[in-house]
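# Summary of the model geometry
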Amino acid sequence: MSKVEEFEELRPLLFSIAYRILGSVSEAEDAVQETWLRFDGSTTVPTSVRAFLSATVTRISIDVLRSARVRREEYVGPWFPEPLLSDPYQDPARSAELADSVSMAALLLLERLSPLERSVFVLREAFGFGFDDIASAVGRSEAACRQLLVRARRHMQAGRPRFDADRHKRQELATRFFDALRDGDVAGLQDLLAADVQMVGDGGGRAPQLARAVVGSEKVARLLAAFFPLLARVDVTFEPQEVNGQPGAIFRDRDGKVLHALVLDVLDEQIQTIRSVINPGKLGHLGPVADAWAIDGEVKEARRQMK
């Protein structure tokens, strides 16, 4: 195989590693592109191309994450990962680990880790890399990597996300949720929400967003039932689909442009958390992005006309 063919065969793996380390589709794609440039420019023939490229994309991602942390500390409001509609890398032998590690809840937990802890955890827990390859990737000894993994596991276990394992049940509940949302059915929505459900939005100061998290099934149900029929009045539609491996939907304006992504965490046949990503800077990989401020103005006008 040529260099290009070898690289393209491994591209899905490289992107999946980078995305889990960075939580950003655009930054992961840039890290993969930089990996190709280094591979293409190298005159050394690696013993294992997979190990070499995985180590390279990991080191690049660690450097990017270190600089990104400063920006995230200054971020306006809650920070969520960029929504991912489909993971390009599939491994039937590790399907559960890969699915768990790409959820928004898991990616938010990974934010608690240092860049080295995060990278070691991702390579070992999600992808099953050996400690020799991990040590090469992060530039630490195998013993140090084992200690990093112990610390990372301890942090992750403290808030480990749990989801209903039955995908069919999750999807069934999501269908009922979106049906109730279309109808503005307060009671129907409340029946599907956990008592302490939270609804949180990420606008990053670049789009209308909730001032703070809304907590409690009654408050969340009433807010949803009041707001989404107004969106329908201004021709906003949504397409239910998986987002980061969980039930969700992509909302679009009348021209088909992406307004925001909604993700549901489901456990014990109830919705525990509703996350909305509306920051336009995090939606461009899904297609042309809508003007959320303009739609917000239309919604307010629609509300005034209904009074």
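Look up: the structure comes first, before these words.
In this report, we go over the structure that sits alongside the text. Since this is a predicted model, take the numbers as computed values, not measurements.

With that settled, the discussion passes to the overall build of the protein chain. Along the protein chain, the regular secondary structure elements total 12 helices and six strands. Taken over the C-alpha trace, the protein chain has a radius of gyration of 21 Å; the compact-globule value for 307 residues is 19 Å, and the two agree within 12%. Counting only C-alpha atoms, the protein chain reaches 70 × 35 × 35 Å along its principal axes. Looking at the protein chain residue by residue over its 307 residues, the buried ones come to 50%. Of all intrachain contacts in the protein chain linking residues separated by at least 6 positions in sequence, the fraction that spans at least 24 positions is 67%. Working note: accessible area of the protein chain is about 14,400 Å², and carbon and sulfur atoms make up 49% of it. Counting 40 positive and 45 negative side-chain charges, the protein chain places the centres of these two groups 5 Å from one another.

Okay, the packing of helix α3 (residues 49-73) against helix α7 (residues 131-138) next. Put simply, α3 and α7 touch, their axes get as near as 8 Å, and they point 45° apart. The angle between α3 and α7 places the two elements in the oblique class. Considering how the two elements wind past one another, α3 and α7 form a crossing that is right-handed. Contact residues: Ala51, Ala55, Thr58, Arg59 and Ile62 in α3; Asp133, Ser136, Ala137 and Val138 in α7.

This part covers the packing of aromatic side chains. Where two aromatic rings form a pair, the distance of their centres and the angle of their planes describe that pair. Under the counting rule described, the total for this entry stands at 10 aromatic pairs. On the basis of an interplanar angle of 45° and a centroid distance of 6.0 Å, the ring pair of Phe39 and Phe52 is categorised as tilted. Note that Phe39 is positioned in helix α2 (residues 25-41) and Phe52 in helix α3, a separation of 13 residues in sequence. Using a relative accessible area of 2% as the deciding quantity, one classes Phe39 as buried.

The subject of this paragraph is the nonpolar core. Ile17, Tyr19 and Phe127 are the most contacted members of the largest nonpolar core, which totals 49 residues. Those elements that provide at least two residues to this core are α1 (3-22), α2, α3, α4 (95-102), α5 (104-110), α6 (115-126), α7 and α8 (142-158). No other element matches α1, which puts 10 residues into this core. Residues within four places of Ile17 in sequence aside, it is in contact with Ser54, Val57, Thr58, Val122, Leu123, Phe127 and Phe129.

In this section: empty space enclosed by the protein. A complete count under the given rule lists one cavity of 30 Å³ or more for this structure. Reported here for the largest cavity is a volume of approximately 30 Å³. Ala51, Ser54, Ala55, Leu123, Phe129, Asp133, Ile134 and Ala137 together form the lining of the largest cavity. Residue assignment for the lining of the largest cavity shows that the elements contributing at least two residues are α3 and α7. Looking at the lining of the largest cavity, its residues break down into six nonpolar, one polar and one charged.

With that settled, the discussion passes to the pattern of salt bridges. In a structure, side chains of opposite charge can pair up when their charged atoms sit close to one another. In the structure shown here, the tally under the stated rule is 22 salt bridges. Note that Arg182 and Asp179 form a salt bridge whose closest N and O atoms lie 3.4 Å from each other. Highlighted residues: Arg182 and Asp179, both in helix α9 (residues 167-183), separated by three residues, approximately one helical turn. Residue Asp235 is joined to Arg254 by a salt bridge in which the shortest nitrogen-to-oxygen separation is 3.2 Å. With Asp235 in the loop between α11 (217-233) and β3 (237-243) and Arg254 in the loop between β4 (246-252) and β5 (258-267), the pair connects residues that are 19 residues apart, well separated along the chain. When salt bridges that share partners are traced, they join Glu27, Arg71, Arg72, Glu111 and Arg118 into one network.

Basis of the calculations
- Going along each chain's sequence as written, the residues are numbered from 1 onward.
- Given that the model is predicted, a residue must reach a pLDDT of at least 70 before its local features are reported, and side-chain atom pairs must reach 80 or more before they are shown or counted; all residues, however, enter totals for whole chains, interfaces and linings.
- Hydrogen atoms and water are omitted, and side-chain values are computed over all heavy atoms in the structure.
- Strands here are runs of E lasting at least two residues and helices are runs of H or I lasting at least four, both read from the DSSP assignment and numbered beginning at the N terminus.
- For this measure, only C-alpha atoms enter the radius of gyration; the expected value for a globule follows 2.2 Å times N^0.38, where N is the number of residues.
- Buried residues are those whose accessible area, probed at 1.4 Å on protein chains only, stays under 20% of the maximum for their type, while exposed residues exceed 50% and partly exposed ones sit between those limits.
- Note on definitions: a residue-residue contact is assigned when non-hydrogen atoms from the two residues lie within 4.5 Å.
- Values of accessible area rely on a 1.4 Å probe in the Shrake-Rupley scheme; residue burial ignores everything except the protein chains shown.
- The charged-residue count follows a simple rule in which Lys and Arg add positive charge and Asp and Glu add negative charge, with His and chain termini not counted at all.
- A charged residue contributes its charge at one atom only: NZ of Lys, CZ of Arg, CG of Asp or CD of Glu.
- Between N-to-C directions, angles span 0 to 180 degrees; the directions come from axes that are lines fitted to C-alpha atoms, helices contributing only their stretch in contact.
- Between 65 and 115 degrees an angle is taken as roughly perpendicular, under 35 as roughly parallel, over 145 as roughly antiparallel, and anywhere else as oblique.
- The handedness criterion is simple: a crossing whose near helix is rotated anticlockwise from the far helix by less than a right angle is left-handed, and one whose near helix is rotated clockwise is right-handed.
- Paired rings are identified among Phe, Tyr and Trp, the last through its six-membered ring, by centres lying within 6.5 Å, and are further divided according to the angle between planes into stacked (under 30 degrees), edge-to-face (over 60) and tilted (the rest).
- What we call a nonpolar core is a set of buried Ala, Val, Leu, Ile, Met, Phe, Trp, Tyr and Cys residues that are connected through their side-chain atoms within 4.5 Å.
- Here a cavity is any set of points on a 1 Å grid over the protein atoms alone where a 1.4 Å probe fits but cannot get out, and a pocket is any open set with protein on both sides within 12 Å along at least 5 of 7 lines; a residue lines the site when it has an atom within 4 Å of a point.
- Grid points are joined across faces, edges and corners, and a volume is the space filled by probe spheres set on the points.
- Gly counts as polar in this scheme, as do all residues outside two lists: the nonpolar Ala, Val, Leu, Ile, Met, Phe, Trp, Tyr, Cys and Pro, and the charged Asp, Glu, Lys and Arg.
- A pairing counts as a salt bridge when a side-chain nitrogen of Lys or Arg comes within 4 Å of a carboxyl oxygen of Asp or Glu.

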